[in-house]
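Coordinates in review
Here are the chains, one letter per residue:
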Amino acid sequence: MVRTGGTAEGARVVDTEHLRVERHGGTMVVTLNRPESKNAFSLPMLVGLYDAWLAADAEDDIRSIVLTGAGGAFCAGMDLKALAGGTFGDSALRGRLEADPDLHWKAMLRHHRPRKPLIAAVEGVCVAGGTEIIQGTDIRVAGESASFGLFEVRRGLFPLGGSTVRLSRQIPYTHAMEMLLTGRRYTAAEALAIGLIGKVVPDGEALKHALDLARQINEAAPLSVEAVKRSVLETLDMDEEAGLARELAIGQEVFKSEDAKEGPRAFAEKRTPVYRRR
């Protein structure tokens, strides 16, 4: 069941089982909403996440996305109790997973990355699958009491959300291996020091800071923003020569746009640019 409505701030709201999706101007705010389980992933949540990524990319007036969690926690990973009890798949939505066996990996940003910038606003627990999904985000802000970690080796499991590939590309190798092999918990200060997150803020203010970053992104030219993200992701594994060639091709398309003329014109006229995504 989907419930839609508004908030006092005029944001559009969509509530689905275990997920809340809101519109704050040009930003889509996606909230993992199982606070009684520290927002552990459920099948309805994963289906909703993938639908949210697709919706954000389909709507041109959405300029950015913020991913956060309800109830003072971000995400405790997969629901191990449901997995152990064999109830994780007991949902009317299991047909979606049967039709697309890759859906849960797309939801967790392993096999899909939205073209819009994605900011993680982390409070409290962000472990196992929580630490894995933030590796698919572009900017990460955390409250000072947030905690991180990949506990899979301590549970006889494996971090299949992409961490054995992504983590050592995002933080120094020795820190990635320590996190993966010890399965220990990291504080927000430690996560900042090794580069897993980019900013630590007072508890309860991660979403506020994430929305401020999103506002700054939304003020920029959308074609430029999306092209920058695309170039970074597409060239990540290329050698420098191939990467520079790809960057040139992507960037030249931006310079052909009307928005590329509007930006300098607005600067010269000392006014706010009006970007039309063309």
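Anything mentioned here points back to the structure above.
Since the structure is predicted, the reported quantities are computational estimates derived from the model, not experimental observations.

1. What to know about the pattern of salt bridges
Two side chains of opposite charge can pair, provided their charged atoms sit close to one another. Counted according to the given criterion, the structure contains 24 salt bridges. Between E226 and R115 there is a salt bridge; the shortest N-O distance is 2.5 Å. On the criterion of sequence distance, the pair formed by E226 in helix 10 (residues 222–235) and R115 in the loop between helix 4 (103–107) and strand 6 (118–122) is long-range, its members being 111 residues apart. Judged by relative accessible area, E226 falls into the buried class, the value being 11%. Each of the salt bridges in this network shares a partner with another, and the network as a whole consists of D60, R115, E226 and R277.

2. Description of helix 11 (residues 240–255)
The end-to-end C-alpha distance of helix 11 is 22 Å, a good match for the 22 Å that 16 residues give at a rise of 1.5 Å each. If you check which residues of helix 11 are buried, you get G243, I250 and V254. End-on, the buried residues of helix 11 take up no more than an arc of 60°, which puts them together on one face. Exposed side chains of helix 11 directed beyond 90 degrees from the buried face belong to E241, L248 and F255. Two to three positions downstream of the cap, the backbone nitrogen of E241 sits 3.2 Å from a side-chain oxygen, assigning the N-cap of helix 11 to D239.

3. Some words on the packing of aromatic side chains
This structure, assessed with the given rule, holds 0 aromatic pairs. Its guanidinium or amino end placed over the ring of Y186, R184 lies 3.8 Å from that ring's centre, counting from NZ or CZ.

4. Quick notes on the pairing of strand 5 (residues 64–69)
Within a regular strand, the side chains alternate between the two sheet faces. Judged by how many residues are buried, strand 5 sits mostly within the fold: 6 of 6 residues are covered. Pairing geometry for strand 4 (residues 27–32) and strand 5, over 6 bridges, is parallel. Bridge assignment links V30 to a residue of strand 5, and that residue is L67. Where the polypeptide runs from strand 4 across helix 1 (residues 43–58) and back to strand 5, its parallel neighbour, the crossover connection is right-handed. Pairing of strand 5 with strand 6 involves 3 bridges; the strand directions are parallel. Paired with L67 across the bridge in strand 6 is A120.

Conventions and cut-offs
Throughout this document, residue positions are counted from 1 along each chain, in the order its sequence is written. Reporting in this predicted model follows two pLDDT cut-offs: at least 70 for local features of residues, and 80 or more for side-chain atom pairs to be given and counted; totals over whole chains, interfaces and linings ignore these cut-offs and use all residues. Hydrogens and waters are ignored; side-chain quantities use all the structure's heavy atoms. Salt bridge, as used here, is a side-chain nitrogen of Lys or Arg placed within 4 Å of a carboxyl oxygen of Asp or Glu. Secondary structure elements are taken from DSSP: a helix is a run of H or I of four residues or more, a strand is a run of E of two residues or more, and numbering for both begins at the N terminus. Only protein chains enter the area calculation, which uses a 1.4 Å probe; residues under 20% of their type maximum are buried, those over 50% are exposed, and those in between are partly exposed. The span one expects for a helix is its residue count, reduced by one, times 1.5 Å. Regarding the arc, it is the one traced by the directions from the helix axis to the C-beta atoms. By the criterion applied in these results, polar contacts are pairs of N or O atoms within 3.5 Å in which, for protein atoms, one can donate a hydrogen and the other can accept it, and in which residues neighboring in sequence qualify only through two side-chain atoms. Aromatic pairs are defined between Phe, Tyr and Trp rings, using the six-membered ring for Trp, whenever the two ring centres lie within 6.5 Å; interplanar angles under 30 degrees are classed as stacked, those over 60 as edge-to-face, and all others as tilted. Here, a charge over a ring means that NZ of Lys or CZ of Arg falls within 6 Å of the ring centre while also lying within 35 degrees of the ring normal. We call two strands paired when DSSP finds no fewer than two bridges between them. With strands facing away from the observer, any crossover in which the path from the first strand over the helix to the second runs clockwise is taken as right-handed.

Just geometry here; none of it tells us what the structure is for.
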